[in-house]
Protein chains: 2
Amino acid sequence: MHMESPGTPESRAEAAANAPRIAIEDVEPQLEGGRFAAKALCRRLTRIRARIFMDGHEQLEAEVAWRYVGETEWSRLPMQWQGNDHWEAEFLPVREGRTEFIVLAWVDSYASYRHDLEKKYAAGQAVDLELREGTELLRDIVHAASGDCAAGLTAILQQLDEAPQREECLALLMAPHTLEMVQKAEHRAHLTRSIAYALDIERQLAGFASWYELFPRSESPEPGRHGSFSDVRRRLPEIAAMGFDVLYFPPIHPIGRTHRKGPNNSLLAGPDDPGSPYAIGSEEGGHDAVHPQLGSLADFRALVAAAHDHGMEVALDFAIQCSPDHPWLREHPGWFSWRADGSIRHAENPPKKYEDIVNVDFYAAEAIPDLWLALLNVVQGWVEQGVTLFRVDNPHTKPLPFWEWLIAEVRRDHPEVIFLAEAFTRPAMMARLGKAGFSQSYTYFTWRNTKPELQSYFEELNAPPLRDCYRPNFFVNTPDINPYFLQRSGRAGFLIRAVLAATGSGLWGMYSGFELCEAEAVPGKEEYLDSEKYQLRQRDYRAPGNIVGEITRLNRIRRENPALQSHLGFHAYNAWNDNILYFGKRTEDLGNFILVAVCLDPHNAQEADFELPLWEFGLPDDAAMDGEDLMTGERWTWQGKRQWMRIEPWHLPFGIWRLHPAR
Amino acid sequence: MHMESPGTPESRAEAAANAPRIAIEDVEPQLEGGRFAAKALCRRLTRIRARIFMDGHEQLEAEVAWRYVGETEWSRLPMQWQGNDHWEAEFLPVREGRTEFIVLAWVDSYASYRHDLEKKYAAGQAVDLELREGTELLRDIVHAASGDCAAGLTAILQQLDEAPQREECLALLMAPHTLEMVQKAEHRAHLTRSIAYALDIERQLAGFASWYELFPRSESPEPGRHGSFSDVRRRLPEIAAMGFDVLYFPPIHPIGRTHRKGPNNSLLAGPDDPGSPYAIGSEEGGHDAVHPQLGSLADFRALVAAAHDHGMEVALDFAIQCSPDHPWLREHPGWFSWRADGSIRHAENPPKKYEDIVNVDFYAAEAIPDLWLALLNVVQGWVEQGVTLFRVDNPHTKPLPFWEWLIAEVRRDHPEVIFLAEAFTRPAMMARLGKAGFSQSYTYFTWRNTKPELQSYFEELNAPPLRDCYRPNFFVNTPDINPYFLQRSGRAGFLIRAVLAATGSGLWGMYSGFELCEAEAVPGKEEYLDSEKYQLRQRDYRAPGNIVGEITRLNRIRRENPALQSHLGFHAYNAWNDNILYFGKRTEDLGNFILVAVCLDPHNAQEADFELPLWEFGLPDDAAMDGEDLMTGERWTWQGKRQWMRIEPWHLPFGIWRLHPAR
């Protein structure tokens, strides 16, 4: 802050005369003035933008200087003027890690001089004086220059001194070679620098992935037997064939006995009830151990390796709460809150009590830094076992500085590790978790069903600040969310939600059972009946009515079309029917342009006039364009902007069309 | 930036555990993360807002601490929770000056405790343990407390220790007195502070004023005689009677002879041509002198005093350019640019040349700091003569750091001084001049004529960032702008532009001749024919067809209605006719609510159905409301939301109605 300005008017005037003369504003991407790193992906174009301007009419130039944190050398990107004081540079990162960038701008005196000279000459004015002044300007520039370009400029000056004719001087001063030498000299008047902004560059899987969630204990082929990692291995080909690339398990750790929950969240568990895997920890171990019935740590490693062979990576749940039987309660009582009577404080949301779960106390005296380090060790330990993604349970109930620290620590050695925030809370916290470092986030998608809801949500995700801090992972269902829409929609509804998720974002996910259109609910609630959280649920994945074929196709379309590998590049278009959501997704260069039309009504056929976005290609309203149905392979030519569609949800409630400008 | 984090995971964990736990985001008002001061006005409510949140469910509290720069003590304002993590405080400044404010937030452990206790007690749960824990919490609080409240809390603790019954303890812990003592103790867990943000508080005239511009030299009652300050004094009653409170003169300094311009900007002036007052400086003096034909400095002071007696303040033009005859060229050649042949560099915009004007060079070696200080002296000198407002000519062609410095220096001793930026340039620079300290600004208003243009411009001015840095002064015309619309509109058009300016912003202005509907133009140009910039123009201010009566009424309505004393509080409403702009202006408490309907077509009657904004008062669509026509004094009762209007521009092209909820 420039609150108190000591000194005299003289000294303050001198300070002001030395202050940056050029205004650099609205630098993008940035979060809260550079407090947090904005998100970027490897080999995906990031545009760095700024508004740059100064008093008067001199010619400005600008560039971006950037480097990976820890490097000493800066790389440079020229910025291009876009009109109305907007400047832009294209940045294509090639590896993961934290980078910082600075925007620099300066007055290009020589360009300003040439600009004026050209105009005067063209107007037929006498320019003798201007030619002398150009020579003087070059002399100033050579003074400050060094090496090759100093020598080159000196040679040009010599020629100018010897040139007898006005035309010769003019030619020399305007010559491309002279300009090149001047540019090399980097004569940067009124050089102004922005502050440094950070970018977190992650690998592409952080922005483009299809997640499949299952409970390993349900994967046994024998009814009633507890499943194991080996059972999961047997299913890998099937899951990979559907096109998923992340396989995600709820907690795989030993499950507590004390206050264990029975089926349907009942308070009393029978002796054979497996309990909720979120009640982590028993005498068999805590967050670093494996539930014995699932297999050994070696079995887990083998599963991870087998998944890799099928092109999949394994995501684990990182849920910090403990069962009352967790070894930490005994070994580190100082990490927990104890009550006035010496009993442990259970999780609660008064008047509700959760007696099967105990929360750690991040700010207890003994917890700093030991608990924090222990939690870091848990994550690092699983990274060593081959886990490269973590779905973090309820991160919004743990301190934000903890996440900022933990994620930075893990990424220090393993920038490839991806964190998914399972937060369903108010918007500010959702965004802040992204700023703190989470690669991607659960979303409000499950509760956006109507056309205006979906359209405005997709648009919000495409605009700053969310664009720069929040990558949405559209889960169509989770063990905790059996959406009301699916409870009533039948098979068509599952296809509707699948296509919205799979085309709306580069990240989508489903929890097993979705492909079988399972939706049996606890009456009146958004919960699954006989939830797998409390019991085994074996399934016949080939049951009739499944949508495995459609999901497989959707995932293939996603892989083949870069426009569908991000939530960015979304534009809603006109289709005159409130039950049809119609939008485009495009790569920046328009090389891949996909249109998606979704009938949001699972029960009735819907028709609409709609607009083919010919204008996006600079085409007139009566132009033709080739379309290709990516679900059926059919091809045709559209003639003109105004078109008509009819969608029958009992066949397929959507269309995905690739656009090709007609030859 | 937190780019490089030295140390070990342990030390970094400890640092993170000591980092602010609470997120404070989106603090308003602020400009570029606190780099510039946001604008506020004396005795006008400024709302300070922030998004404040934390992990988990504990109760937060927040306040704003603020002080005038230079003070050591902070004042405090409690912030109120507004839902969805939004908090707000109301700040009513009472004097001018630069202030700084900080947002603070903390966990209110005792409120969290009481909140949980109440819920458990209401649910009939046993709370004995909770009562013991409450007593312990109080003990912690008293430990950190001091003075009166420590004593009070100790007394409460004693009562608790002696209380035999559970109900008694409960009553003590929940008692308002206990809460009050705890609040006084300021037990602020996880206290988090925002950075400091600055506010520039100016007097009301910076935001609410009606400007009248005239050339003193035209005010002689005898045709052809050069007018004087005394002539202006004679007109003061008339101008004050119209309701203007700022009287603004183009430059009043000696005018150069060299390359003096003749009538209609001709290159050759006759011996009696007065020249452009913007060619400042002759052997009779420079920026600190008065053009002899206008009178003496004493005459000027007398005029300023007389204006004060009529409730008006005087604004002078601050135009930094010099005529080639300006004394500075001789006395301070180092403040200017000289060419290779030793001649002075004239102003130019190649290939155009302005040989009657020379610009100073702010960055010349000898100009720092002498030229800067000389310019400051000019402004300070006129302040000493009683000038309290400056209209600054073309500030966007002078360095931004110069303005930031100059305005701060002047306001250091004279926070009452108001600066109006006469910039017509790209939007970023327009806003930046406000950030640099200009109190108010010329605008794009003169070129906004259609309903969508006006509506979106008014809305843009009401939203951040412009809301916080840019006060629009809507001039309906200037000596440089004879708007095309007025050239064709006739008298009705002048009324249309007057009402748009006078109701659209707290600041509006007109250049004399407007009240006479003068619009004779240089053909095809937005310039006045026989412009007063180059010649005398005496007028008959009582000429038929004048709109003096309407202007007088408009200014009176503005004074009587606080809703019209700012550009803020604008909301467009539905009137189904593209030629009728229909909007509301309101004070924050809705105590003053004005509706304005303007027929943008000066030639034809227009009709429209329109909506009475009953909903703004929480009224149903069939409610009744009293309306009052502020131009005619007529009163009536509107019944229901849907209404109809007809405007006949030849009578009066607008309506201004005050709303009163019907009794």
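This section reports on the structure supplied with the text.

Rules of the game
- For every chain, the first residue of the written sequence is number 1, and numbering continues from 1 along that sequence.
- All chains are assigned letters beginning at A, and all ligands numbers beginning at 1, according to the order in which they are written.
- Reporting of local features is limited, given that this is a predicted model, to residues whose pLDDT is at least 70; pairs of side-chain atoms are given and counted only at 80 or more, and all residues count toward the totals for whole chains, interfaces and linings.
- Each side-chain value is derived from all of the structure's non-hydrogen atoms; neither hydrogens nor water enter the calculation.
- Secondary structure elements follow DSSP: runs of H or I no shorter than four residues count as helices, runs of E no shorter than two count as strands, and numbering proceeds from the N terminus.
- Relative accessible area decides the class of each residue, using a 1.4 Å probe on protein chains only: under 20% of the type maximum gives buried, over 50% gives exposed, and in between gives partly exposed.
- Accessibility throughout is a Shrake-Rupley quantity obtained with a 1.4 Å probe, and a residue counts as covered only by protein chains that appear here.
- Residues below a pLDDT of 70 in either copy are left out; the C-alpha atoms of the rest, at least 70 in both, set the least-squares superposition of the copies.
- Whether two strands pair depends on DSSP finding at least two bridges between them.
- Note on contacts: a residue pair qualifies if any of its non-hydrogen atoms lie within 4.5 Å across the two residues.
- A fitted line through C-alpha atoms serves as each axis, taken over the contacting stretch for helices, and the angle formed by two N-to-C directions is quoted from 0 to 180°.
- Here is the rule: rings of Phe, Tyr and Trp (six-membered ring for Trp) pair when centre to centre is within 6.5 Å. Planes less than 30 degrees apart are stacked, more than 60 are edge-to-face, and the remainder are tilted.
- When an angle is under 35 degrees it counts as roughly parallel; over 145 it counts as roughly antiparallel; between 65 and 115 it counts as roughly perpendicular; any other value is oblique.
- Three classes are used: nonpolar for Ala, Val, Leu, Ile, Met, Phe, Trp, Tyr, Cys and Pro, charged for Asp, Glu, Lys and Arg, and polar for all others, with Gly counted as polar.
- The definition of a polar contact used here is a pair of N or O atoms within 3.5 Å, where within protein one atom must be able to donate a hydrogen and the other to accept one, and adjacent residues in sequence count solely through side-chain atom pairs.
- What makes a nonpolar core is a set of buried Ala, Val, Leu, Ile, Met, Phe, Trp, Tyr and Cys residues whose side-chain atoms join them at distances within 4.5 Å.
- Buried area is understood as the total, over both parts, of accessible area removed when two parts are fitted together, assessed with a 1.4 Å probe.
- Just to be clear on terms, a salt bridge is a Lys or Arg side-chain nitrogen sitting within 4 Å of an Asp or Glu carboxyl oxygen.

**Notes on the overall build of chain A**
Helix and strand counts for chain A come out as 16 helices and 28 strands. Principal axes of the C-alpha set define a box for chain A whose edges measure 105 × 70 × 45 Å. By the burial criterion, 59% of the 663 residues in chain A qualify as buried. On chain A, roughly 26500 Å² of surface is accessible, and the fraction owed to carbon and sulfur atoms is 49%.

**Structural notes on the relation of the copies chain A and chain B**
Overlay of chain A on chain B (RMSD 0.2 Å): rotation 180°, translation along the axis 0.0 Å. The symmetry that links the two subunits is that of a two-fold axis. Distance from the rotation axis, computed per C-alpha, reaches its smallest value in chain A at A:Gly33: 3.1 Å.

**A closer look at the sheet that holds strand S19 (residues 473–475) of chain B**
Residue and element names in this part refer to chain B. Ordered by their spatial adjacency, eight strands build an open sheet running S18-S17-S16-S13-S12-S11-S20-S19, and the pairing between neighbours is parallel. Each end of this open sheet is capped by a strand with a single partner; those strands are strand S18 (440–441) and S19. Packed onto the sheet, helix H7 (residues 229–241) meets strand S11 (209–213) and strand S12 (246–249) and runs at close to 140° relative to S12. Strand contacts of helix H16 (residues 491–504): S19 and strand S20 (507–511), with the helix running at about 145° to S20, the strand carrying the most contacts.

**Here we look at the packing of aromatic side chains**
All names here are of chain A. Per the stated rule, a full pass over the model turns up 86 aromatic pairs over all chains. Between Phe 318 and Trp 403, the aromatic rings sit 6.2 Å apart at their centres with planes inclined by 80°, giving edge-to-face as the arrangement. Taken together, the residues Phe 318 in strand S13 (residues 313–318) and Trp 403 in helix H11 (residues 400–413) connect sequence positions 85 residues apart. Across the pair, Trp 403 and Phe 318 agree in class, each one buried. Each ring, one from Phe 458 and one from Phe 583, has its centre 6.0 Å from the other, and the planes form 80°; the classification is edge-to-face. Here Phe 583 lies in strand S22 (residues 580–586) and Phe 458 lies in helix H13 (residues 451–462), a separation of 125 residues in the sequence. By the burial criterion, Phe 458 is buried, and Phe 583 matches it.

**Some points on the packing of helix H7 (residues 229–241) of chain A against helix H8 (residues 297–309) of chain A**
Describing two packed helices takes the angle between their axes plus the distance from one axis to the other. All names here are of chain A. Contact geometry for H7 and H8: axes closest at 9 Å, N-to-C directions at 10°. The orientation of H7 relative to H8 falls into the category roughly parallel. Facing H7, whose interface residues are Phe 229, Val 232, Arg 233 and Leu 236, H8 presents Asp 299, Phe 300, Ala 302, Leu 303, Ala 306 and Ala 307. Partitioning the contact of H7 with H8 into residue classes produces eight nonpolar, no polar and two charged.

**Focus on the side chain of B:Asp393**
Residue and element names in this part refer to chain B. Mapped onto the elements, Asp 393 comes out in strand S16 (residues 389–393). A residue is classified by how much of its surface remains accessible, and Asp 393, at 8% relative accessible area, is buried. A distance of 2.8 Å separates the side chain of Asp 393 from the side chain of Arg 391, its partner in a polar contact.

**Describing the sheet that holds strand S23 (residues 593–599) of chain A**
All names here are of chain A. Ordered in space as S21-S22-S23-S28-S25-S26, the six strands form an open sheet in which the pairing is antiparallel. Looking at the sheet topology across the chains shown, the edges are occupied by strand S21 (570–572) and strand S26 (635–639). The mean angle between the axes of side-by-side strands here comes to 30°, regardless of whether they run parallel or antiparallel. Direction of pairing for S21 relative to S22: antiparallel, over a ladder of three bridges. By the bridge assignment, Ala 572 is partnered in S22 with Phe 583.

**Section: the nonpolar core**
Within the largest apolar cluster, 145 residues are counted, with the highest numbers of intra-cluster contacts made by B:Ile52 and B:Leu406. Residues in contact with B:Leu406, not counting those within four places in the same chain, are B:Phe318, B:Leu375, B:Leu376, B:Val379 and B:Phe419. Core analysis: the next-biggest nonpolar cluster, separate from the first, contains 144 residues, A:Phe101, A:Val232, A:Phe244 and A:Leu495 among them.

**Points about the interface of chain A and chain B**
Contacts between the two partners involve 78 residues from chain A, matched on the other side by 78 residues from chain B. For the pair chain A and chain B, the two sides together bury roughly 6800 Å², of which 57% comes from carbon and sulfur. If you look at where chain A meets chain B, you find 16 salt bridges. Its salt-bridge partner being A:Glu348, residue B:Lys120 comes within 3.0 Å of it at the nearest N-O pair. Here chain A and chain B share 26 residue pairs in polar contact (both at pLDDT 80 or more) between them. Broken down by element, the side of chain A that touches chain B gets its largest block of residues, seven residues, from helix H1 (residues 9–18) of chain A. Classifying every residue of the side of chain A that touches chain B by side-chain character gives 34 nonpolar, twelve polar and 32 charged.

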